[in-house]
Amino acid sequence: MNFTITSAAQKFMRMMLRVDGGAGSGFRLAVSPGGCSGLAADIQVLATPEAGDAVVERDGVKLFLPAESRLLLDGVTIDFTDTATQTGLVFHDPKQVSCGHH
């Protein structure tokens, strides 16, 4: 699986896992198409992966990824933003054209 997690996103995931999870908990990233960035994510901290989830560990952060997420995250950079208008994970997908007029 070829995706990148920025240090800001990793920090956010670690914080979530520390607050909501126990030892061995993972960050479940259920990604679906939608939004201007092309991807929307439903995130949860779970003690165990759900059926069909792949467990991917990146720099000590354990991710639980359902099948659709694994397809959609190919080539994507997962970043974290904290601005006046948006706080949370953002997905930079080079395959996705941005919203805008042609």
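To start, this report covers the structure provided alongside it. Sequence order as written defines residue numbering, which begins from 1 separately in each chain. Confidence filtering applies because this is a predicted model: local features only for residues at pLDDT of at least 70, side-chain atom pairs given and counted only at 80 or more, and all residues used for totals across whole chains, interfaces and linings. Computation of side-chain values: all heavy atoms of the structure, hydrogens and water removed.

**Brief notes about the pattern of salt bridges**
What counts, and what does not: Take a side-chain nitrogen of Lys or Arg and a carboxyl oxygen of Asp or Glu: if they are within 4 Å of each other, that pair is a salt bridge. The secondary structure listing takes helices from DSSP runs of H or I that are at least 4 residues long and strands from runs of E that are at least 2 residues long, numbered from the N terminus. Think of it in three bands: with a 1.4 Å probe and only protein chains considered, a residue is buried below 20% of the maximum accessible area for its type, exposed above 50%, and partly exposed in between.
Taken as a whole and assessed by the stated rule, the structure comprises two salt bridges. Among the salt bridges present, the one from R28 reaches E50, with a minimum N-O distance of 3.5 Å. Taken together, the positions of R28 in strand β2 (residues 26-33) and E50 in the loop between β3 (39-46) and β4 (54-58) put the pair 22 residues apart, joining distant regions of the chain. Residue classification places E50 among the partly exposed positions, given a relative accessible area of 37%. Close ionic contact of D53 with R28 constitutes a salt bridge, the shortest N to O distance being 2.7 Å. In this pair, D53 is assigned in the loop between β3 and β4 and R28 in strand β2, connecting sequence segments 25 residues apart. In this pair, the class of D53 matches that of R28, namely buried. Each of R28, E50 and D53 takes part in salt bridges that share partners, so that together they form one network.

**What about helix α1 (residues 7-20)?**
A turn of α-helix holds 3.6 residues, and therefore any two residues three or four places apart point the same way. What counts is decided by this rule: The span expected for a helix works out to 1.5 Å for each residue beyond the first. The arc under discussion is defined with respect to the helix axis, by the directions toward the C-beta atoms.
Compared with the 20 Å implied by 1.5 Å per residue over 14 residues, the 20 Å span of α1 between its first and last C-alpha is a close match. Within the sequence span of α1, burial applies to A9, Q10, F12, M13, M16 and L17. The arc that holds the buried residues of α1, viewed along the axis, is 160°, so those residues lie on one side. Across from the buried face of α1, at angles greater than 90 degrees, the exposed residues are S7, K11, R18 and V19.

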